[in-house]
Amino acid sequence: MTGMAKLSRAILTVLLSGRHAALGGRSSRDRAANLARIAAAYSRVELETEKGIGPARAAEVERWLLRQGLSLRIDRDSSVSAAGFAEVSTAGSAERVANSEFQ
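Everything numeric in this text was worked out from a predicted model, so none of it was measured. (Residues numbered from 1 in each chain as written. Predicted model: local features only at pLDDT ≥ 70, side-chain atom pairs only at ≥ 80, totals over all residues. Heavy atoms only, no water.)

Trainee: Can you break down helix α5 (residues 55-67) residue by residue, with the values?
Mentor: Under the 1.5 Å per step criterion, the end-to-end length of α5 is 18 Å for 13 residues, consistent within 8% with the ideal 18 Å. Next to the buried residues of α5 lie α1 (9-17), α3 (35-40) and α4 (44-49). Just downstream of α5, Gly69 is the residue with a positive phi angle, here 80 degrees. (Helix = DSSP H or I, 4+ residues; strand = E, 2+ residues; numbered from the N terminus. Expected span 1.5 Å × (residues − 1). Contact = heavy atoms within 4.5 Å.)

The following block contains the structure:
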C-alpha cells in the first residue's frame, strides 16, 4: 500500500470505487493492492469525468502511473477520430489541388 500514499485521499476514493474498480478485485484490500491496474484502465477523458476528479487530479494520477512505468489508457475513439480527420483533410487538399485552375 505504499504506492497509494502518493495519491490524495480524494483520488484514492474515486479509483477504489469508480467505474474500473472491479478490475482490481472484489474486496477493498484487493483493489488497494491493484490500484495501478485500476488507474491504468482509465483514459484521460474518463478519469476527468469521474466525480471529484478534474484536470489537475487526472494529471496527478498520470504522473503517479508514469513513475511506476504505466500510463493512462489511450482513448481509441479520440485517436481514430484524429486519424480519420487527418485522412479526410489530406484527401480534401488533394481534391482542391486536382480541381485547381493552376494545372
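That shown, we press on.
Trainee: Any chance you could break down the nonpolar core for me, citing the residues and the numbers?
Mentor: Among the nonpolar cores identified, the biggest contains 17 residues, and Leu7, Leu15, Leu47, Val61, Trp64 and Leu65 are the most heavily contacted of them. Elements with a minimum of two residues in this core: α1, α3 and α5. The residues touching Leu15, leaving out its near neighbours within four places in the chain, are Leu7, Ala21, Leu35, Ile38, Ala39, Tyr42 and Leu47. (Core = buried A, V, L, I, M, F, W, Y, C linked by side-chain atoms within 4.5 Å. Buried < 20%, exposed > 50% of the residue type's maximum accessible area, 1.4 Å probe, protein only.)

Trainee: Describe in detail the pattern of salt bridges, supporting the description with residues and values.
Mentor: Counted according to the given criterion, the structure contains four salt bridges. Here Arg44 makes a salt bridge to Glu62, at a shortest N to O gap of 2.4 Å. Pair noted here: Arg44 is in helix α4 and Glu62 is in helix α5, with a separation of 18 residues, a long-range link. For Arg44, a relative accessible area of 28% corresponds to the partly exposed category. By relative accessible area, which is 27% here, Glu62 ends up partly exposed. Within this structure, Arg44, Glu48 and Glu62 form a network of salt bridges that share partners. (Salt bridge = Lys/Arg side-chain N within 4 Å of Asp/Glu carboxyl O.)

Trainee: Quick one: what's the story with α1, residue by residue and with numbers?
Mentor: In an α-helix, one turn spans 3.6 residues, which is why side chains three or four residues apart end up on the same side. For α1, the set of buried residues is Ile11, Leu12, Val14 and Leu15. Looking straight down α1, one finds that the buried residues subtend no more than 165 degrees of arc, so they occupy a single side. When the buried face of α1 is taken as reference, the exposed residues oriented beyond 90 degrees from it are Arg9 and Ser17. (Arc of directions from axis to C-beta.)

Trainee: Provide a residue-level description of the side chain of His20, including the pertinent values.
Mentor: When you line up the elements, His20 lands in the loop between α1 and α2 (28-33). Side chain to side chain, His20 and Glu46 meet in a polar contact 3.1 Å long. Once you skip the residues sitting within four places of it in the chain, His20 turns out to touch Ile38, Ala41, Tyr42, Glu46 and Arg73. (Polar contact = N/O pair within 3.5 Å; in protein donor to acceptor, adjacent residues only side chain to side chain.)

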